[in-house]
Amino acid sequence: MSNSKSYKFGTKAIHAGADPDPSTGAIMTPIFQTSTFVQESPGKHKGYAYARGKNPTREALQKNIAALENAKHCLCFSSGMGSVDTVIKLLRPGDEVITGDDLYGGSYRMFTKVFANYGIKFHFINMTNASNIEKYITKNTKLIWAETPTNPTMQIIDIEACGKIAKQHNLILAVDNTFASPYLQNPLALGAHIVMHSVTKYLGGHSDVVMGALVMDDDKLYEQLAFIHNSCGATPGPMDSFLVMRGIKTLHLRMERHCFNGRKIAEFLKAHTKIEKIYWPGFTDHPNHEIAKKQMKDFGGMISIVLKGADLEETFRIASSFKVFSLAESLGGVESLINHPATMTHASIPKEERERAGVVDNLLRLSVGVEDVEDLIDDLKNVLG
Ligand SMILES: *Cc1c(COP(=O)(O)O)cnc(C)c1O
C-alpha cells in the first residue's frame, strides 16, 4: 500500500506492508521460510542475502508497524526484551539513563542485573511529574526510558513534557508503548525518538508469539539500531512475522472491545466492597487522568486492584479461582488473564522497592480480553462475592 500516511488506522492495520505477492498474487504475505538467498554473482542479488539481516516476511511486518505509528522505520525482534537490549546498546560505559520507578519487571532486571555491570548507570525515579526528570540530568545522561501506562500501577507519564526535556538537553527519549498499543497512543508525534513494543502483547494479540519492535523516524538512529539488530542477532523468524501480521489485521477491532470491556469492569470493581484500591487511567480521580486523556485515544483494558484485607494466602486463593480469567503472565491477548505481579511478572524486583512502587502482595493485575463482558463480570462476582 503506497502512501499509507493518508489512510486511517484500521485500513493501515489491514493493508500497510501487505502488498499482494508479485510472483503469484497471493493476498497474504508468504512465509519466506529460508535462511539464505541465491546470488547471481557475488553481491548481486535481489536485495536479500541472509535472513538475519533481511527477510521479506519480516520486512512486510516492519512496514506495517511503522505505518501504525506513522513512522518511517521499524525493526522487529525475537522478543520485546531483545528490542530493549538493542536500545541500551546505543550507550557506552559511564552513560546514564533516567527511567521510572514502576517499570516492567524484565526491563528493571536487564537494567540492574545486566547493563549495570557494563558501567551504565540507571536512575529509577518518579516520572509522573516530568519536571522531576531534570533533577537527575548530568553531563553523562543520554537516554530517558519512559513506560506509560506503567506496569502494573497504571501510572501515566506525560510524553510531550518528557519530549521537551529530552530536546532541551539533547537526550534520546524512548517510550515503551506496549500497554497502549499504537491504536491508543503514538509517542513519536509527542516528541519521542524511539517507540518500543512488546509485540507479544496487543499487536500479536493471540498469545501465540513472542516478539518485540522498535519504531523511529530519524534515519541516523535507524542506521545505528539496525546495525545492532543485525550484529547482535535478536531477529524474529518468518512464521512469527506472518502470525503477527495476521493478528494486527484486527488490532483496531480488538482494542475497541478491550477498551469497552475494560471500562465496564473497572466501574464494576471500583464499586465493589472487597476492593481497596483500583488503578485504571480512565477514572477522573486517577492522578494523571487529564494527561491520559490528552495523549491516549481511550484507556485500554489493563486494570490493577488491591484486595481489601487479603493476606498472601487469600490473594493466591482468589487469583486461582476464576473460570474465565486465566492465571498467567503476559497481557494483551484476546483471552482475559489475571496475574499476581509480586510473585510473577515483578518477582525480580526487591520487595522493599516493589512495595514502594505500590506492587504489594495483595495486588492483582487484570488483562481484560475481548470475551462477552457479562461473562467476565459474572466470573469476578463468583470469586469476589
Ligand atoms: C512484556 C513486556 C515487555 C517485554 O516483552 P517480551 O516480548 O516479553 O520480551 C516489555 N515491556 C512491557 C511493558 C511488557 O509488558
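Residues numbered from 1 in each chain as written. Predicted model: local features only at pLDDT ≥ 70, side-chain atom pairs only at ≥ 80, totals over all residues. Heavy atoms only, no water.

### Examining the site of the ligand
Inference 1: Near the ligand you find 15 residues, and of these Gly80, Asp176, Ser198, Thr200 and Lys201 are the closest.
Inference 2: A distance of 2.9 Å is found between an oxygen atom of the ligand and a backbone nitrogen or oxygen belonging to glycine 80.
Inference 3: At 2.8 Å from an oxygen atom of the ligand is found a side-chain nitrogen or oxygen belonging to serine 198.
Inference 4: When the free accessible area of the ligand is taken as 380 Å², the share hidden by the protein chains comes to 93%.
Inference 5: Classifying every residue of the shell around the ligand by side-chain character gives six nonpolar, six polar and three charged. (Near = heavy atom within 4 Å. Polar contact = N/O pair within 3.5 Å; in protein donor to acceptor, adjacent residues only side chain to side chain. Areas by Shrake-Rupley, 256 points an atom, 1.4 Å probe, with all protein chains shown as cover. Nonpolar A, V, L, I, M, F, W, Y, C, P; charged D, E, K, R; others polar.)

### Observations regarding the domain arrangement of the protein chain
Inference 1: Each domain of the protein chain was delimited in the assignment, giving domain 1 (7-248) and domain 2 (252-384).
Inference 2: For domain 1 and domain 2, the distance between their C-alpha centres works out to 25 Å.
Inference 3: Contacts between the two partners involve 42 residues from domain 1 and, on the opposite side, 41 residues from domain 2.
Inference 4: For the pair domain 1 and domain 2, the summed buried surface comes to about 3,300 Å²; carbon and sulfur atoms form 59% of the total.
Inference 5: Summed over the three residues of domain 1 that lose the most area to domain 2, namely Tyr183, Leu184 and Tyr202, the buried surface amounts to 24% of that side.
Inference 6: At the boundary of domain 1 and domain 2, one finds two salt bridges.
Inference 7: Salt-bridge contacts for glutamate 160 lead to lysine 294; the nearest nitrogen and oxygen are separated by 3.6 Å. (Domains from an automatic or database assignment. Contact = heavy atoms within 4.5 Å. Buried area = accessible area lost by both parts, 1.4 Å probe. Salt bridge = Lys/Arg side-chain N within 4 Å of Asp/Glu carboxyl O.)

### Digging into the pairing of strand S4 (residues 141-147)
Inference 1: Among the seven residues of S4, six are classified as buried, and the element is accordingly described as predominantly covered.
Inference 2: Of the pairings in the sheet, the one linking strand S2 (residues 96-100) to S4 comprises four bridges and is parallel in character. Note on S4: the bridge partner recorded for glutamate 96 is threonine 141.
Inference 3: Here S4 runs beside strand S5 (residues 172-176); their pairing, made up of five bridges, is parallel. (Buried < 20%, exposed > 50% of the residue type's maximum accessible area, 1.4 Å probe, protein only. Helix = DSSP H or I, 4+ residues; strand = E, 2+ residues; numbered from the N terminus. Pairing = 2+ DSSP bridges.)

### Considering the sheet that holds strand S6 (residues 194-198)
Inference 1: Pairing is mixed across the open sheet formed by seven strands, whose spatial order is S1-S7-S6-S5-S4-S2-S3. The open sheet has two edge strands, strand S1 (73-77) and strand S3 (121-125), and neither has a second partner. Strand-to-strand twist across the sheet, computed as the mean angle between neighbouring axes with direction ignored, equals 20 degrees.
Inference 2: Where S2 meets S3, five bridges bridge the pair, whose relative direction is parallel. Residue pairing for S3: valine 97 is matched across the bridge by phenylalanine 122.
Inference 3: Where helix H3 (residues 80-88) meets the sheet, it contacts S1, S3, S4, S5, S6 and strand S7 (212-216), and its direction lies at approximately 155 degrees from that of S6.
Inference 4: Along the sheet, helix H7 (residues 219-232) makes contact with S1, S5, S6 and S7, crossing S1 at roughly 20 degrees. (Axes fitted to C-alpha atoms, helices over the stretch in contact; angles between N-to-C directions.)

### Focus: the environment of serine 41
Inference 1: By the element assignment, serine 41 lies in the loop between helix H1 (9-15) and helix H2 (56-68).
Inference 2: Each C-alpha atom, one on serine 41 and one on glycine 309, is 72 Å from the other, the two residues being 268 residues apart in sequence.

### A word on unusual backbone geometry
Inference 1: Put simply, threonine 148 and proline 149 share a cis peptide bond, and its omega is -10 degrees.
Inference 2: You can see proline 149 is positioned in the loop between S4 and helix H5 (159-168).
Inference 3: For the peptide bond that leads from asparagine 151 to proline 152, omega is 5 degrees, which places it in the cis range.
Inference 4: Among the structural elements, proline 152 can be located in the loop between S4 and H5.
Inference 5: Even without being a glycine, asparagine 170 presents a positive backbone phi close to 60 degrees.
Inference 6: Here asparagine 170 lies in the loop between H5 and S5.
Inference 7: Non-glycine residue serine 207 carries a positive phi angle of around 50 degrees.
Inference 8: Counting through the fold element by element, serine 207 comes out in the loop between S6 and S7.

### Things to note about the sheet that holds strand S10 (residues 326-327)
Within a sheet, each strand pairs with its neighbour through backbone hydrogen bonds, oriented either parallel or antiparallel.
Inference 1: Pairing is mixed across the open sheet formed by five strands, whose spatial order is S8-S9-S12-S11-S10. Bordering the open sheet on either side are strand S8 (275-279) and S10, each of which pairs with just one other strand.
Inference 2: Looking at chain direction, strand S9 (residues 302-307) and strand S12 (residues 363-367) are connected through five bridges and run antiparallel. Looking at the pairing, methionine 302 lines up with serine 367 of S12.
Inference 3: Lying over the sheet, helix H9 (residues 251-270) contacts S8, S9 and S12, oriented at roughly 15 degrees with respect to S9.
Inference 4: Contacts from helix H11 (residues 312-319) reach S9, S10, strand S11 (337-339) and S12 within the one sheet, and its direction differs from that of S12 by about 15 degrees.

### A short note on the pairing of S6
Inference 1: For S6, the tally of buried residues reaches five of five residues, placing the bulk of the element in the interior.
Inference 2: Bridge analysis of S5 against S6 gives three bridges, and the strand direction is parallel. By the bridge assignment, valine 175 is partnered in S6 with valine 195.
Inference 3: When S6 meets S7, the two strands line up antiparallel, connected through five bridges.

### Structural notes on the packing of H9 against helix H13 (residues 373-384)
Inference 1: Taken N-terminus to C-terminus, the directions of H9 and H13 make an angle of 25 degrees; their axes are 10 Å apart at the nearest point. Here H9 is positioned roughly parallel relative to H13, judged by the angle of their axes. In this structure, H9 meets H13 at a crossing whose hand is right-handed. Judged by residue contacts, Phe260, Asn261, Lys264, Ile265, Phe268 and Leu269 of H9 engage Val373, Leu376, Ile377, Leu380, Lys381 and Leu384 from H13.
Inference 2: Within the contact of H9 with H13, the residues separate by chemical class into nine nonpolar, one polar and two charged. (Parallel < 35°, antiparallel > 145°, perpendicular 65-115°, else oblique. Left-handed = near helix turned anticlockwise from the far one by under 90°.)

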